[in-house]
Amino acid sequence: MRQEQNVWGVGLAVLVSSAFAIALPSAQALTDTIAITGQAAPGGGDFQKFNFFQPVMNEVGQVAFRGALSEPTNNEGLYRGDGGAVTLIARVGQVAPGGGNYTNLYSHQLNNVGQVAFIGNLSIGGDERGLYRGEGGAVTLIARSGLVAQGGSTYTEVFFPVLNGAGQVAFQGALSEPTNNLCLYRDDGGAVTLIARAG
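The numbering scheme is per chain: residues are counted from 1 as the chain's sequence reads. Given that the model is predicted, a residue must reach a pLDDT of at least 70 before its local features are reported, and side-chain atom pairs must reach 80 or more before they are shown or counted; all residues, however, enter totals for whole chains, interfaces and linings. Derived side-chain values reflect all non-hydrogen atoms in the structure, with water molecules and hydrogen atoms excluded from consideration.

J.: Please provide a residue-by-residue account of the sheet that holds strand 12 (residues 129–134), values included.
T.: A pair of strands is treated as paired once DSSP finds two or more bridges between them. Each helix is a run of H or I in the DSSP string that is no shorter than four residues. Each strand is a run of E no shorter than two, and both are numbered from the N terminus. Spatially, the four strands line up as an open sheet ordered 10-11-12-13, and their pairing is antiparallel. The strands lining the two open edges of the sheet, one partner per strand, are strand 10 (102–110) and strand 13 (140–144). Adjacent strand axes in the sheet meet at a mean angle of 25° when their direction is disregarded. Taken together, the six bridges between strand 11 (residues 116–122) and strand 12 define a ladder with antiparallel strand orientation. Following the sheet pairing, Phe 118 is matched in strand 12 by Tyr 132. To get an axis, a line is fitted to the C-alpha atoms, and for a helix only the part in contact is used. The angle between two axes follows their N-to-C directions and goes from 0 to 180 degrees.

What follows is the structure, given as structure tokens:
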């Protein structure tokens, strides 16, 4: 089982008016605030802290990040910001496509058109998790543990997503086979293709 880094803090980059924020350097050598503690988060609650190790930035200045919220439950979300509006991608407690609710969100990747691929742990099946793609609205399921993979086996785990500008997602999947059970796949927005398999 692969675990994501989960180190949280009240700030990631700079001090702004005595409050910490995620910040982005601009072409003018200034700093754009992406999100700041105390700011209202889309979907409810206020940002309380941000994950130190997991903001990712694309070439057009958008940042995908995890934020912890002031809510008593379902108090973590995955967001995208650009120095203006912040967009909710997914939130703990939301119903995930394919079933279950998100219990953790991580391993996110961001492309230049604002799409975010991420892993979500789920509230069903003990250690079940899925790979998803979203951009602020409907989220698409790409692969999930327990589903049938190309070739007839089932995924036991999905991990290490990589997202390109066309929205294609490459990822590794572990299968329910005793041997040669590690594969590399590519999703083309509806069809998952086997690229390579161990053995």
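J.: Outline the packing of aromatic side chains, listing residues and values.
T.: Two aromatic rings from Phe, Tyr or Trp, using only the six-membered ring of Trp, form a pair when their centres are within 6.5 Å; if the ring planes differ by under 30 degrees the pair is stacked, by over 60 it is edge-to-face, and anything between is tilted. As enumerated under the stated definition, the model contains 12 aromatic pairs in all. With centroids separated by 5.5 Å and ring planes inclined at 75°, the aromatic side chains of Tyr 155 and Tyr 185 adopt a geometry described as edge-to-face. Note that Tyr 155 is positioned in strand 14 (residues 155–163) and Tyr 185 in strand 16 (residues 182–187), a separation of 30 residues in sequence. Relative to Tyr 185, the ring of Phe 171 has its centre 5.4 Å away and its plane inclined at 20°; by these criteria the two rings are stacked. In this pair, Phe 171 sits in strand 15 (residues 169–175) while Tyr 185 sits in strand 16, placing the two residues 14 residues apart along the sequence. Across the pair, exposure class does not vary: Phe 171 and Tyr 185 are buried alike. Within the aromatic cluster, the residues linked to one another by ring pairs are Phe 47, Phe 50, Phe 65 and Tyr 79. Type-normalised accessible area, obtained with a 1.4 Å probe on protein chains alone, sets the label of each residue: buried when under 20%, exposed when over 50%, and partly exposed for intermediate values.

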